[in-house]
Amino acid sequence: LKPSLNWHLEQQVSKGYIEEVDFDPSMFITSGFVKAKGRDVIDPATGTTYPALRLLGNFPVLNACTEPLPKHLNFQIPDQRGISLHIPMHSTHFCVIDISDAYHTCKIHKSSQNLVVVDYGGRLFRYIGGAQGIAQMAIFWTAHLEDGFYNTIGRHWRIWCAIYVDDIGIHAKSEEQA
């Protein structure tokens, strides 16, 4: 998987999600690993086929240091049962949108970026946007996405939409509405 890992890392760098860095003693460095997605991707520049990978960081110490979520925000923890509660019973047509690289759009404050440095095969990468492996990313991402909907569409977006982390479920009474 090493050629695929290197290609995926270069893709993440080119998109501005991560940056390769040299060691600095102020960094908190954790190990990285990958999970195969069970499909292939093709490099448009070369035509080379690679296994699609999910880049993950192992953040147990960082996650242990994270303050517990305030009780009043517990309702924002996404779960599949919760998404189904937002879909009206009269809905008959559905569409699902999966947001690619969702977590990376939540930017990590510059002063905290040295806490999310991951070692992938001896190369160090600092996350600029959210990293998979940080325990509260799903909660922050959901709030980030909902805030975006409220600011662009207004409070009525919930009439036709339900969110589960980075999956947006659109529901309607007809194909035209969906």
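Below or above, wherever it landed, is the structure these notes cover. (Residues numbered from 1 in each chain as written. Predicted model: local features only at pLDDT ≥ 70, side-chain atom pairs only at ≥ 80, totals over all residues. Heavy atoms only, no water.)

Brief notes about the pairing of strand E5 (residues 117-120)
So the rule is basically this: At least two DSSP bridges between two strands are needed for those strands to be called paired. Only DSSP runs of H or I covering at least 4 residues are called helices, and only runs of E covering at least 2 are called strands; the numbering of each starts at the N terminus.
Here strand E2 (residues 29-42) runs beside E5; their pairing, made up of 3 bridges, is parallel. Each bridged residue has a counterpart across the sheet, and for Ser31 the counterpart in E5 is Asp119. Bridge analysis of E5 against strand E6 (residues 123-127) gives 4 bridges, and the strand direction is antiparallel. Residue pairing across strands places Val118 opposite Phe125, the latter belonging to E6. Connecting E5 to the antiparallel partner E6 that follows it, the hairpin turn spans 2 residues, and Gly121 within it adopts a positive phi of roughly 60°.

A short note on a nonpolar patch on the surface
Note the threshold: What makes a patch is a set of residues exposed beyond 30% relative accessible area and free of salt bridges, joined within 9 Å when like-charged and within 5 Å when nonpolar (Val, Leu, Ile, Met, Phe, Trp, Tyr). Using a 1.4 Å probe, the Shrake-Rupley method yields the accessible areas, and only the shown protein chains count as cover for residues. By salt bridge we mean one thing: a side-chain nitrogen of Lys or Arg within 4 Å of a carboxyl oxygen of Asp or Glu. Accessible area is worked out with a 1.4 Å probe on protein chains only. A residue is then buried under 20% of its type maximum, exposed over 50%, and partly exposed in between.
On the surface, Ile153, Ile159 and Trp160 cluster together to form a nonpolar patch covering roughly 280 Å² of accessible area. Mapping Ile153 onto the fold places it in the loop between helix H4 (137-152) and strand E7 (161-164). On the basis of relative accessible area, Ile153 is assigned to the partly exposed category, the value being 40%.

Re a positive patch on the surface
Counted only if it meets this: We treat Lys and Arg as the positive residues and Asp and Glu as the negative residues; His and chain ends play no part in the count. Here the site of a charge means atom NZ of a Lys, CZ of an Arg, CG of an Asp or CD of a Glu.
Side chains of Lys35, Lys37, Arg39 and Arg54 sit close together on the surface and give a patch of like positive charge. For the positive patch, the leading source of residues is E2, giving 3 residues. With respect to the helices, strands and loops of the structure, Arg54 is situated in strand E3 (residues 49-57). Its relative accessible area of 32% is what places Arg54 among the partly exposed residues.

Topic: helix H1 (residues 2-14)
For clarity, the cut-off: Here the expected length of a helix is defined as 1.5 Å per residue gap, with one fewer gap than residues. The contact definition used throughout considers only heavy atoms, calling two residues in contact when any of these lie within 4.5 Å.
Helix length check: H1 (13 residues) gives 18 Å between terminal C-alpha atoms against 18 Å at 1.5 Å per residue, within 8%. Of all the positions in H1, only Ser4, Leu5, Trp7, His8, Leu9 and Gln12 are classed as buried. Buried residues along H1 sit against strand E1 (18-21), E2, E3, E5 and E6. Just beyond H1, the residue with positive phi is Gly16, at close to 80°.

Quick word on the packing of aromatic side chains
Applicable threshold: Geometry of aromatic contacts follows a simple scheme: Phe, Tyr and Trp rings, the Trp one being its six-membered ring, pair when their centres are within 6.5 Å, and the pair is stacked under 30 degrees between planes, edge-to-face over 60, tilted otherwise.
In the structure shown here, the tally under the stated rule is 5 aromatic pairs. A ring pair is formed by Phe149 and Trp160, whose centres lie 6.4 Å apart and whose planes are at 75°; its orientation type is edge-to-face. Residue Phe149 is located in helix H4, and its partner Trp160 is located in the loop between H4 and E7; the two are separated by 11 residues in the primary sequence. Within the aromatic cluster, the residues linked to one another by ring pairs are Phe149, Tyr150, Trp157 and Trp160.

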